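Inside the fold
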Amino acid sequence: MIETWVVVTVAAALLQASRTALQQRLRGLLSVQGAGFVRYAYGAPVSLTALAAVALLPADGPIPAGLPALSMTHALWCAVAGVAQILGTNLLIMSFGARGFAVGTVYSKAETVIVALVGWAVLGEALAVTAWAGILVCMAGVAVLATRGSRDGVAALLRGAGDKAALYGLGAGAMFAVASVCIRAGALGLGDGPAFPRAIATLAVMNTIQAVLMGAWLVAREPATFVAVFRTWRSSAVVGLLSVTGSAGWAWAMTLETAALVRAFGQVELVFTLIMGRLLLGERPKAADIPGSVAVIAGVLLVLLARAPNPG
């Protein structure tokens with residue numbers, strides 16, 4: 001029987017791929033920071049509403065309910081996760097600007113390795129050898145997808161391993177890894193109750209912190225963009241809804257399973273992104289996308305076969 005975290009991770013990856021494709025359309029209406037703020041401005045109210053609904057549902061109903069006992073420690077984990085996610089997004093954009101989308105994508109996907117190391121250091125969650133193999137195969141697939149199988153592209157990645165684009169990309173991966181581990185730590189800190197309410201509570205607190213921080217930054221630095229986020233609500237709200245539902249899926253999955261396995265298995269998002277690019281943006285996949293996609297799928301299957309040993 002397929003485990004819940006696997007189904008939830010696939011759903012989260014599909015939702016995130018859809019959000020990414022639609023967010024590209026917003027780039028013509030909003031700045032980079034404004035397009036990012038959409039995730040939190042429209043996501044925070046939805047996640048707070050979901051948390052209220054969970055709190056009001058009957059505890060013995062078909063949907064896990066009940067408000068977890070929130071604490072300052074939980075809020076701190078959420079704050080660190082939220083800030084790390086914002087910084088990771090900004091570093092990724094800086095990497096794109098330095099040497100392009102492909103380079104930034106490849107180096108940022110070092111997140112799958114970093115999250116395993118951070119999860120082990122912070123939470124004591126080790127990974128099996130099979131999981132590590134899956135992570136490395138996924139990263140190879142990402143490199144092929146990002147460079148479209150070009151030998152020159154791969155050579156450029158290797159030559160530029162120490163330049164600004166690489167450092168920005170690695171920094172983005174590190175920040176995303178910290179965010180993932182902190183989300184899991186925050187959810188685990190809410191006790192042993194049903195996973196879904198703990199995930200929603202963690203997401204709601206994190207999204208609220210992010211909305212306040214990024215909203216204040218935009219008001220101070222890009223007030224016109226702040227207004228435009230709400231003026232374009234018809235397009236922005238859809239992106240925000242997809243973002244928060246996808247984030248809820250990631251948080252739920254990482255409450256059920258180690259962040260490293262979830263993020264590694266979630267690389268299937270890249271395959272979904274190719275499909276969404278074709279369906280929503282009219283982008284035609286290249287022949288070189290096939291081996292890259294196969295490698296990513298092979299990697300996630302290896303991750304699926306692996307089980308993290310339970311720490312003491």
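Calculation criteria
- The residue count restarts for each chain, going from 1 along the sequence in the order it is written.
- Local features in this predicted model are restricted to residues of pLDDT 70 or higher, and side-chain atom pairs are both shown and tallied only at a pLDDT of 80 or more, whereas totals for entire chains, interfaces and linings draw on every residue.
- Hydrogens and water molecules were not included; the side-chain quantities draw on all heavy atoms of the structure.
- Going along the chain from the N terminus, every DSSP run of H or I of four or more residues is numbered as a helix, and every run of E of two or more is numbered as a strand.
- In this description, contact between two residues means that some pair of their heavy atoms is separated by no more than 4.5 Å.
- Residue exposure ignores everything except the shown protein chains as possible cover, and the areas themselves are Shrake-Rupley values with a 1.4 Å probe.
- The distinction between a cavity and a pocket rests on a 1 Å grid over the protein atoms alone: a 1.4 Å probe fits inside a cavity but cannot get out, while a pocket stays open yet meets protein on both sides within 12 Å along at least five of seven lines, and a residue with an atom within 4 Å of a point counts as lining.
- Grid points are joined across faces, edges and corners, and a volume is the space filled by probe spheres set on the points.
- In this classification, Asp, Glu, Lys and Arg are treated as charged, Ala, Val, Leu, Ile, Met, Phe, Trp, Tyr, Cys and Pro as nonpolar, and every other residue, Gly included, as polar.
- Residue count minus one, scaled by 1.5 Å, sets the expected span of a helix.
- Accessibility here uses a 1.4 Å probe with only protein chains present; expressed as a share of the type maximum, an area under 20% marks a residue as buried, one over 50% as exposed, and anything in between as partly exposed.
- Only C-alpha atoms enter the line fits that serve as axes; for helices the fit covers just the stretch in contact. Angles between N-to-C directions range over 0 to 180 degrees.
- Note that the term roughly parallel is reserved for angles under 35 degrees, roughly antiparallel for angles over 145, roughly perpendicular for angles of 65 to 115, and oblique for everything else.
- Working rule for handedness: look at the near helix, and if it is turned counterclockwise from the far one by less than a right angle, call the crossing left-handed; if clockwise, right-handed.
- The rule for a salt bridge is simple: a side-chain nitrogen of Lys or Arg has to be within 4 Å of a carboxyl oxygen of Asp or Glu.
- UniProt positions are given in the numbering used here, feature names are shortened, and annotations may be inferred rather than shown by experiment.
- Without a salt bridge and with relative accessible area above 30%, a residue can belong to a patch; like charges are then joined within 9 Å and nonpolar side chains (Val, Leu, Ile, Met, Phe, Trp, Tyr) within 5 Å.

Each helix and strand in the protein chain was counted, giving 14 helices and zero strands. Along the chain direction, N to C, the helices and strands of the protein chain fall in the order α-α-α-α-α-α-α-α-α-α-α-α-α-α. Sequence separation of at least 24 residues holds for 84% of the intrachain contacts in the protein chain that already meet a minimum separation of 6. For the protein chain, the exposed surface amounts to about 14200 Å²; the carbon and sulfur share of it is 70%.

So, about the side chain of Thr-9. Mapped onto the elements of the fold, Thr-9 is located in helix α1 (residues 4–26). In this structure Thr-9 touches Trp-250, Ala-253, Val-262, Phe-265 and Gly-266, once residues within four positions along its chain are discounted.

Moving on to the layout of surface pockets. Summary: where empty space remains is shown by rolling a probe the size of a single water molecule over the atoms. Approximately 180 Å³ is the volume found for the second largest pocket. Every residue lining the second largest pocket is counted, 15 residues in all, and those nearest its centre are Ile-200, Val-244, Thr-245, Ala-248 and Gly-249. Sorting the residues of the lining of the second largest pocket by element identifies α1, α2 (32–56), α9 (195–221) and α11 (233–256) as the ones contributing at least two each. Its residues assigned to classes, the lining of the second largest pocket shows 12 nonpolar, three polar and no charged.

As a further point, take empty space enclosed by the protein. Across all of its chains, the model carries three cavities of 30 Å³ or more by this definition. The volume enclosed by the largest cavity comes to roughly 60 Å³. Secondary-structure elements contributing two or more residues to the lining of the largest cavity are α2 and α3 (72–99). Of all the elements, α2 adds the most residues to the lining of the largest cavity, at five residues. Split by residue class, the lining of the largest cavity holds five nonpolar, four polar and one charged.

With that settled, consider helix α5 (residues 111–123). Helix length check: α5 (13 residues) gives 17 Å between terminal C-alpha atoms against 18 Å at 1.5 Å per residue, within 8%. What α5 keeps buried is the set Glu-111, Thr-112, Val-115, Ala-116, Val-118 and Gly-119. Among the residues trailing α5, Gly-124 stands out with phi positive, at a value near 70°.

The next point concerns the packing of α9 against α11. In the contact formed by α9 and α11, the axes pass within 8 Å of each other and the chain directions differ by 130°. The orientation of α9 with respect to α11, classified from their angle, is oblique. The interaxial crossing formed by α9 with α11 has right-handed handedness. Packed against α9, whose contacting residues are Ala-195, Phe-196, Arg-198, Ala-199, Ile-200, Leu-203 and Asn-207, the element α11 presents Val-244, Ser-247, Ala-248, Ala-251, Trp-252, Thr-255 and Leu-256 at the interface. Tallied by class, residues from the contact of α9 with α11 come to 10 nonpolar, three polar and one charged.

Moving on, we come to the environment of Ala-216. Topologically, Ala-216 is positioned in helix α9. Remark: the alpha-carbon pair of Ala-216 and Phe-226, spanning 10 residues in sequence, is separated by 9.2 Å.

What follows is about the pattern of salt bridges. Applying the stated rule across the entire model yields two salt bridges. One salt bridge in this structure joins Glu-125 and Arg-184, with 2.8 Å as the shortest N-O distance. In this pair, Glu-125 is assigned in the loop between α5 and α6 (129–147) and Arg-184 in helix α8 (residues 164–188), connecting sequence segments 59 residues apart. For the residue pair Glu-125 and Arg-184, the accessibility class agrees, reading buried in each case.

The next subject is the UniProt feature "transmembrane region" (unreviewed entry) in the protein chain. This chain's UniProt record puts "transmembrane region" (unreviewed entry) on residues 39–57, 69–93, 113–146, 167–187, 199–220, 232–254, 260–281 and 288–306. Taken end to end, residues 39–57 is 95% helix and 0% strand, and its first and last C-alpha atoms sit 26 Å apart. Span residues 232–254 is 96% helix and 0% strand, its end C-alpha atoms 32 Å apart.

Attention shifts here to a nonpolar patch on the surface. A grouping of Val-83, Leu-87 and Leu-213 is seen on the molecular surface, where their side chains present a nonpolar patch of about 230 Å² in accessible area. Within the secondary structure, Val-83 sits in helix α3. In this structure Val-83 comes out as partly exposed when scored by relative accessible area, which is 34%.

This part covers the packing of α2 against helix α10 (residues 223–231). Look at α2 against α10: their axes get within 10 Å of each other, and the N-to-C directions meet at 55°. As the angle between them shows, α2 and α10 are arranged oblique. Read as a crossing pair, α2 and α10 show a hand that is right-handed. Between α2, through Gly-34, Phe-37, Val-38, Ala-41 and Tyr-42, and α10, the contact on the second element is made entirely by Thr-225, Phe-226, Val-229 and Phe-230. Looking at the contact of α2 with α10 residue by residue, the class counts come to seven nonpolar, two polar and no charged.

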